[in-house]
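# Results of the structural survey
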Amino acid sequence: MIGNDIIDLNLARTEKKSENLRILQKICTEGEIELIKSSEDPELFFWKVWSMKETAYKAHQRLFDIPRKLNPQKYECHFNPGNKVGLVSIDGCDYNVKLSISADSIHCHTRDASIEVFTGVKNKDQILINFLASHYTKERTFDLRKNSQGIPSCYLHNLKKIIPLSVSHHGKFTAFAIPLIKS
Amino acid sequence: MSEKEILTRLKKIVEPYVQSLEGLQNFKEETDFLNDLQINSANLVDVILDVEDEFNIEIDNDSMEGMLTVGDAKAIIQRKLPQG
């Protein structure tokens with residue numbers, strides 16, 4: 001199931017969320033708070049946890065078509081020793097996620113062989129046009145749509161096809177995750 | 001506290017996080033924090049903390065779950081405020 005989340009670290013780091021226990025207690029489990037506090041870079045670790053939770057939330061919401069909720073604490077993150085992949089549990093469901101971290105961004109997406117992710121700093125439409133051109137069609141007439149639960153998809157006018165996609169933007173970055181379905 | 005006063009204070013709280021001025025000009029109970037005001041979801045948690053401070057209430061995580069619109073927030077604030 002697709003889900004992805006991008007964090008612009010230049011923007012995020014100014015928020016110093018890891019220093020605010022009240023914030024942490026609304027978002028994280030006790031175990032996650034311990035890991036953040038004992039980390040060498042607590043702010044980076046907090047945003048890794050946040051992007052994992054957001055990624056799993058998007059996948060979980062799409063999978064069950066459930067209404068939006070602000071319940072990040074219920075998404076429990078588990079890390080492997082290297083911390084580049086992780087697992088997020090919610091209501092008995094597990095989502096494997098992969099983290100890509102650079103000096104100025106964190107990108108997280110669900111791990112699935114058939115998912116293509118695309119990130120960039122151009123405007124959202126241009127990134128999507130480039131993505132579609134390389135994977136589906138040169139068509140430029142499409143709409144981003146959201147269903148009644150706010151779950152996004154992309155409607156390709158000429159192909160009369162709806163493809164699901166996960167969208168994330170933060171600061172200067174935009175990221176998409178799209179399942180690769182060959183027509 | 002009157003409904004109008006709650007909404008006025010709420011509007012002031014969300015202002016620094018809003019990315020859609022159009023949504024802010026149209027601030028009403030149906031206004032959706034994420035869709036209409038384009039507040040990012042991490043900042044929505046900041047809004048909740050600011051609401052706790054402004055109204056001197058505690059918003060538990062179960063209440064926070066359903067705080068998606070201005071009307072949701074207003075209802076939670078009214079429920080948590082001491083009566084009278």
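Residues numbered from 1 in each chain as written. Chains lettered and ligands numbered in written order. Predicted model: local features only at pLDDT ≥ 70, side-chain atom pairs only at ≥ 80, totals over all residues. Heavy atoms only, no water.

### Focus on the environment of serine 89 of chain A
All names here are of chain A. Formally: What counts as a helix is a DSSP run of H or I of at least four residues, what counts as a strand is a run of E of at least two, and both are numbered from the N terminus. Buried residues are those whose accessible area, probed at 1.4 Å on protein chains only, stays under 20% of the maximum for their type, while exposed residues exceed 50% and partly exposed ones sit between those limits. Think of a polar contact as two N or O atoms within 3.5 Å of one another; within protein, one of them needs to be a possible hydrogen donor and the other a possible acceptor, and neighboring residues in sequence only count if both atoms come from side chains.
Looking at the secondary structure, you find serine 89 in strand 3 (residues 85–90). The exposure class of serine 89 is buried, given its relative accessible area of 18%. On a C-alpha basis, the gap between serine 89 and lysine 53 in space is 9.1 Å, while along the polypeptide they are 36 residues apart. A distance of 3.3 Å separates polar atoms of two side chains, one belonging to serine 89 and the other to histidine 78. A distance of 3.0 Å separates the side chain of serine 89 from the side chain of aspartate 94, its partner in a polar contact.

### Observations regarding the UniProt feature "domain: 4'-phosphopantetheinyl transferase" (unreviewed entry) in chain A
Using the following cut-off: UniProt positions are given in the numbering used here, feature names are shortened, and annotations may be inferred rather than shown by experiment.
Sites flagged by UniProt as "domain: 4'-phosphopantetheinyl transferase" (unreviewed entry) map to residues 2–78 of chain A. Between the first and last C-alpha atoms of residues 2–78 of chain A the distance is 19 Å; the span itself is 56% helix and 10% strand.

### Re helix 3 (residues 30–38) of chain A
All names here are of chain A. Rule in force here: Directions are taken from the helix axis to each C-beta atom, and the arc is the one they span.
What helix 3 keeps buried is the set Glu32, Ile33 and Ile36. The buried residues of helix 3 occupy an angular sector of 100° when projected down its axis, which confines them to one face. Of the residues in helix 3, the exposed ones pointing more than 90 degrees away from the buried face are Glu30 and Ser38.

### Brief notes about the state of the cysteines
Quick note on the threshold: Disulfide: a pair of cysteine sulfur atoms within 2.5 Å of each other.
The final tally for this structure, using the stated rule, is zero disulfides over all chains. Cysteine cysteine 93 of chain A shares no disulfide, and the gap to the nearest cysteine sulfur, in cysteine 77 of chain A, comes to 15 Å.

### Observations concerning the sheet that holds strand 9 (residues 161–164) of chain A
By definition, the strands of a sheet pair up through backbone hydrogen bonds, in either a parallel or an antiparallel sense. Residues and elements named next belong to chain A. Quick reminder of the rule: At least two bridges found by DSSP between two strands is the condition for calling them paired. In this analysis an axis means a line fitted to C-alpha atoms, helices contributing only their contacting stretch, and an angle means the value between N-to-C directions, from 0 to 180 degrees.
The strand order 7-8-9 describes an open sheet built from three strands, whose pairing is antiparallel. Edge positions in the sheet fall to strand 7 (142–146) and strand 9, since each has one partner strand and no second. In this sheet, neighbouring strand axes are inclined to one another by 30° on average, regardless of whether the strands run parallel or antiparallel. Where strand 7 and strand 8 (residues 152–156) come together, five bridges link them in antiparallel fashion.

### Brief notes about helix 1 (residues 3–14) of chain B
Turn by turn, an α-helix covers 3.6 residues, leaving residues three or four places apart pointing in a common direction. Residue and element names in this part refer to chain B. Cut-off, in case you're wondering: How far a helix is expected to stretch is found by multiplying one less than its residue total by 1.5 Å.
The terminal C-alpha atoms of helix 1 lie 17 Å apart, and with 12 residues this matches the ideal 16 Å at 1.5 Å per residue to within 8%. Buried within helix 1 we find Ile6, Leu7, Leu10, Ile13 and Val14. Taken around the axis of helix 1, the buried residues stretch over an arc of 120°, which confines them to a single face. Across from the buried face of helix 1, at angles greater than 90 degrees, the exposed residues are Lys4, Thr8 and Lys12.

### Brief notes about the side chain of histidine 60 of chain A
All names here are of chain A. Here is the rule we go by: A contact between two residues is defined here by any heavy atoms of the two lying within 4.5 Å.
For histidine 60, the position within the fold is in helix 4 (residues 42–64). Residue classification places histidine 60 among the buried residues on the basis of a relative accessible area of 5%. Of the polar contacts made by the side chain of histidine 60, one reaches the side chain of tyrosine 95; its length is 2.8 Å. Once residues within four sequence positions are removed from consideration, histidine 60 is found in contact with Ile66, Tyr75, Ile90, Asp91, Cys93 and Tyr95.

### Considering the domain arrangement of chain A
Residue and element names in this part refer to chain A. Just so we agree on the cut-off: The domain boundaries here were taken from an automatic or database domain assignment. Joining two parts hides part of their accessible area as seen by a 1.4 Å probe, and the buried area is that hidden amount summed over both. What counts as a salt bridge is simple: a side-chain nitrogen of Lys or Arg found within 4 Å of a carboxyl oxygen of Asp or Glu. Just so you know the grouping, Ala, Val, Leu, Ile, Met, Phe, Trp, Tyr, Cys and Pro go in nonpolar, Asp, Glu, Lys and Arg go in charged, and all remaining residues, Gly too, go in polar.
Under the domain assignment, chain A is made up of domain 1 (4–110) and domain 2 (119–166). Domain 1 and domain 2 are separated by 26 Å when their C-alpha centres are compared. The partner domain 2 presents eight residues to the 10 residues of domain 1 that form the contact. When domain 1 packs against domain 2, close to 720 Å² is buried across both sides, 45% of that on carbon and sulfur atoms. Summed over the three residues of domain 1 that lose the most area to domain 2, namely Asn4, Arg62 and Asp65, the buried surface amounts to 61% of that side. At the surface where domain 1 touches domain 2, the tally comes to zero salt bridges. Summed over the shared surface of domain 1 and domain 2, the result is six residue pairs in polar contact (both at pLDDT 80 or more). Secondary structure elements with two or more residues in the side of domain 1 that touches domain 2: strand 1 (4–8) and helix 4. The dominant element in the side of domain 1 that touches domain 2, judged by the number of residues it contributes, is helix 4, at three residues. When its residues are assigned to classes, the side of domain 1 that touches domain 2 shows three nonpolar, three polar and four charged.

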